[in-house]
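Each chain, letter by letter, is given below.
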Amino acid sequence: MVNADTWQLLTAIAAIWLITYLIRRRLDPLNSIPTIGYSAPILYYISAIRYIFDAEGIIREGYQKYFGTVFKVPMLDGWLAVFTGPKLIDELRRSPDDVLSAAEGASQVLQLRHTLGPGADDQFHVAVVRDKLTRSIQALCPDVLDEVSAAFQEYIPARDDEWVGVTVFPVVQQVIARASNRVIVGLPKCRDPEYLKVAVNFTHDVFISSFIINLFPDFLKPFIGRMTTMVSKNKKVLMPMIVPMLQERQRMYEMHGDDWEDKPRDFLQWLLEEGRHKDTPFDNIVEKVLLVNFGAIHTSSGTFTHALYNLAANPQYIQPLREEVERIIAEEGWTKTSLGKMYKVDSFLKESMRLADGSLLNVFRKALKDVTLSDGTFIPRGTLVCAAAMTAHRDGTRYPEPDTFDPFRFARMREGGVEAATKHQLVNTSVDFLTFSHGKHACPGRFFAANELKTMLAYLVLNYDVKFEEEGKRPANLRFGPADLPAPNATVLFRKRRDAPRVP
């Protein structure tokens, strides 16, 4: 039996704990930000688990209650402050890097420091994407088209006299992996099954590893990162594939200088050139190959699969897309300029991304200093913040009938002159369209990604008819935390178009 003295001791301990908790809560600067869910001990974790399985419901609730300001939601390893409304999202976009850091926000979300190590902080590949890749899109168009055509024909064995079922998501991943790596590492490596396996697996493993690490408090994250070896294993497998290529190219530099016959024109070459100025070790360049693959494969695979599901659920839109592509290709061929004139193709992809772009949240930042927003909200140092992309994309004051899939919505919006044509194209970011983030840290690879996606959709409508077996019924998205992914195992029926024009 527990005697009276023991009960008094336990009561005193409980009272001290309660008083300490109440004082800490009162003094916690985050306490002034309204909470969706519970904030009390133990109950906090109930809301954090709800965030994993019903992030959409939490974000909608916060949007309805606190539109135009900030609310916070509990995660298993801490709080997330969510900005709503165009004014605050624009303020988030404009915040200096030494106040709200995009690099630190991405690092916390993906936990790359605990999986790839400190080399993940050297982001020199971003400048290569922004400069050399973007300036080379026109020259790279024939290579991308060639790889898209070869991959579609290999992975979709459709004929013109029957419908063939294809599990789309893994096929789309392979097509995008090949088309992207035609530019990243070139032929023949972009068709090497073992190389492609590593590229695709890395994309999966980053998310699995980051999810596991983010389950634990900060002081345990380095230890959990060392135990979670999936990401680092990909690097070890890739090293013997890429390092010999780098060594051979380095040898050619030493023999011929900066130029030689058949010098590669791919992203690996640009990384090597950039790295030579900094004495970057080859293993760091291999990391950058992995990171560029992650950016290329993850987002674009989800985007194109969402668009393909929308097309298969609404096959009446194939013909107007096909007519636009046929007309422009007949006049101008396959070029960056001709892709830019495909307003309906561009709009179809953008509308698909508006309704499901891979994440319900975007524009992640981490506060490096205490900051007070224009509405008086205080964000303490160390807080992870983001924008509510899902609700921004479905704002009825910005988008009429916001929950309706209207594939040519943005094509109509671009008819208002040169400014409108630019403002509403796929690659343009705004407080109403956050798929590529927004501001100076918007995805630097979005220009290449948009051309790749438009090439794929244009090629598809020229060469295939698609539908679902249960016509008009689109499979539900897979939701997990803020992730908003296409159903991974859904089947789309393909039939080869009999009178398809020849692709050069």
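Note that the structure is a prediction, hence the values are computed from the model and not measured. (Residues numbered from 1 in each chain as written. Predicted model: local features only at pLDDT ≥ 70, side-chain atom pairs only at ≥ 80, totals over all residues. Heavy atoms only, no water.)

Draft legend 1. View of the overall build of the protein. Counting secondary structure elements, the protein contains 20 helices and 13 strands. In terms of C-alpha radius of gyration, the protein reaches 25 Å, essentially the compact-globule figure of 23 Å for 504 residues. Across its three principal axes, the protein shows a C-alpha extent of roughly 90 × 60 × 50 Å. Residues classed as buried in the protein amount to 53% of the 504 residues present. At a minimum sequence separation of 6, the contacts of the protein that also span at least 24 residues come to 74%. Put simply, the protein shows about 23000 Å² of open surface, and 56% of that area lies on carbon and sulfur atoms. (Helix = DSSP H or I, 4+ residues; strand = E, 2+ residues; numbered from the N terminus. Rg over C-alpha atoms; globule rule 2.2 N^0.38 Å. Buried < 20%, exposed > 50% of the residue type's maximum accessible area, 1.4 Å probe, protein only. Contact = heavy atoms within 4.5 Å. Areas by Shrake-Rupley, 256 points an atom, 1.4 Å probe, with all protein chains shown as cover.)

Draft legend 2. Looking closely at the sheet that holds strand E3 (residues 100-101). What the five strands build is an open sheet, ordered E1-E2-E9-E6-E3; its pairing is mixed. Lying at the two open borders of the sheet, with one neighbouring strand each, are strand E1 (70-75) and E3. The pairing of strand E6 (residues 362-367) with strand E9 (residues 384-387) spans three bridges and is antiparallel. Within E9, the position partnered with Arg365 by the bridge is Val385. (Pairing = 2+ DSSP bridges.)

Draft legend 3. Molecular detail of unusual backbone geometry. For the bond from Leu187 to Pro188, the omega torsion is 0 degrees, close enough to zero to count as cis. Relative to the assigned elements, Pro188 resides in the loop between helix H8 (168-184) and helix H9 (193-213). Look at Val363: it is not a glycine, yet its phi comes out positive at around 55 degrees. With respect to the helices, strands and loops of the structure, Val363 is situated in strand E6.

Draft legend 4. Focus on the environment of Lys189. As for its position among the elements, Lys189 is in the loop between H8 and H9. Under the relative-accessibility criterion, Lys189 is labelled buried at 17%. Taking C-alpha positions, Lys189 is 44 Å from Tyr399, a pair spaced 210 residues apart along the chain. Once you skip the residues sitting within four places of it in the chain, Lys189 turns out to touch Tyr195, Met241 and Met245.

Draft legend 5. The arrangement of the UniProt feature "binding site: heme" (unreviewed entry) in the protein in detail. Listed under "binding site: heme" (unreviewed entry) in the UniProt record, and renumbered for this structure, are Cys443. Take Cys443: it is sitting in the loop between helix H19 (418-423) and helix H20 (446-463). (UniProt positions renumbered as here; feature names shortened; annotations may be inferred.)

Draft legend 6. Just the side chain of Asp432, in detail. Mapped onto the elements, Asp432 comes out in the loop between H19 and H20. Polar side-chain contacts of Asp432 include one of 3.4 Å to the side chain of Arg398. Residue contacts for Asp432: discarding those within four places in its chain leaves Ala392, His393, Arg398 and Tyr399. (Polar contact = N/O pair within 3.5 Å; in protein donor to acceptor, adjacent residues only side chain to side chain.)

Draft legend 7. Here's a closer look at a nonpolar patch on the surface. Judged by side-chain polarity, Ile49, Phe53, Phe211, Leu215 and Phe480 come together as a nonpolar surface patch covering roughly 470 Å² of accessible area. Mapping Ile49 onto the fold places it in helix H2 (residues 43-53). Look at Ile49 and you get partly exposed, because its relative accessible area is 43%. (Patch = residues over 30% accessible without salt bridge, like charges linked within 9 Å, V, L, I, M, F, W, Y side chains within 5 Å. Salt bridge = Lys/Arg side-chain N within 4 Å of Asp/Glu carboxyl O.)

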